[in-house]
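# Observations on chain architecture
Here is how the chains run, residue by residue.
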Amino acid sequence: MRIATHDNKNPNFSCVAYKDGDEYRFLDKTYNKALSDEVSGLVFNGINGDEVCDGLLRQEWWLVYRIYKQYSTASIRLNFSLRNDNEIWGLYSDGAIDE
């Protein structure tokens, strides 16, 4: 994964910046309107050790948090037998999905 924030060297394609007069200002941490309340108070392992989140995270931390949140809990579990009599063009369902 490529680091997405500005590191005081050269900005990359995905760093967050805004123009202030004739200069660009680069942001290290950003606010995510949908998730900031959720992460406030959580402890993250930062560059300088453990950091308590104030609702602002680096871009790559937001990416990791969103992926973790999406895939940490399975929506459904489908158990399927891999027998030879299953046709590859068949349509299969599990009655437990509707529960």
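A separate point is the pattern of salt bridges. If you walk through the whole model with that rule in mind, you get four salt bridges. A salt bridge links Glu-23 to Arg-25; the shortest N-O distance between them is 3.8 Å. Of the residues examined, Arg-25 reaches a relative accessible area of 36% and is grouped as partly exposed. One salt bridge in this structure joins Lys-29 and Glu-51, with 3.1 Å as the shortest N-O distance. Linking Lys-29 in the loop between strand E2 (23-26) and strand E3 (30-31) with Glu-51 in strand E5 (residues 49-52), this pair joins segments that are 22 residues apart in sequence. Judged by its relative accessible area of 31%, Lys-29 is partly exposed. Look at the salt bridges and you will find they share partners, linking Asp-20, Glu-23 and Arg-25 into a network.

The next point concerns the nonpolar core. Listed in full, the eight residues of the largest apolar core are Leu-35, Val-39, Phe-44, Cys-53, Leu-57, Trp-61, Trp-62 and Tyr-65. For this core, the element with the most residues is helix H2 (residues 59-71), which contributes three residues.

Right, let's talk about the environment of Ala-17 for a bit. The topology assignment puts Ala-17 in strand E1 (residues 17-20). For the pair formed by Ala-17 and Asp-28, sequence separation is eleven residues and the distance between their alpha carbons is 9.2 Å. Those residues in contact with Ala-17 that sit more than four places away from it in its chain are Tyr-24, Arg-25 and Phe-26.

Centre distance and the angle of the planes are the two values used to describe a pair of aromatic rings. Tallying each qualifying case throughout the model produces one aromatic pair. Ring centres 5.9 Å apart and planes at 15° place the aromatic pair Phe-44 and Trp-61 in the stacked group. Here Phe-44 is found in strand E4 (residues 43-46), whereas its partner Trp-61 is found in helix H2, with 17 residues between them in sequence.

This part is about the pairing of E1. Side-chain positions along a regular strand alternate between the two faces of the sheet. For E1 and E2, the ladder comprises four bridges, and the chain directions are antiparallel. Note on E2: the bridge partner recorded for Lys-19 is Tyr-24. Where E1 folds back onto E2 in an antiparallel hairpin, the turn is made up of two residues, including Gly-21, whose phi is positive at roughly 70°.

For the rest of this paragraph, the subject is the confidence of the model for the protein chain. In the predicted model, the protein chain carries a mean pLDDT of 75, and 70% of its residues have values of at least 70. When mean pLDDT is compared element by element in the protein chain, helix H1 (residues 36-39) scores highest at 88, while E4 scores lowest at 78.

Parameters at a glance
- Residues numbered from 1 in each chain as written.
- Predicted model: local features only at pLDDT ≥ 70, side-chain atom pairs only at ≥ 80, totals over all residues.
- Heavy atoms only, no water.
- Salt bridge = Lys/Arg side-chain N within 4 Å of Asp/Glu carboxyl O.
- Buried < 20%, exposed > 50% of the residue type's maximum accessible area, 1.4 Å probe, protein only.
- Helix = DSSP H or I, 4+ residues; strand = E, 2+ residues; numbered from the N terminus.
- Core = buried A, V, L, I, M, F, W, Y, C linked by side-chain atoms within 4.5 Å.
- Contact = heavy atoms within 4.5 Å.
- Phe/Tyr/Trp six-rings, centres within 6.5 Å; stacked < 30°, edge-to-face > 60°.
- Pairing = 2+ DSSP bridges.
- pLDDT = per-residue confidence, 0-100.

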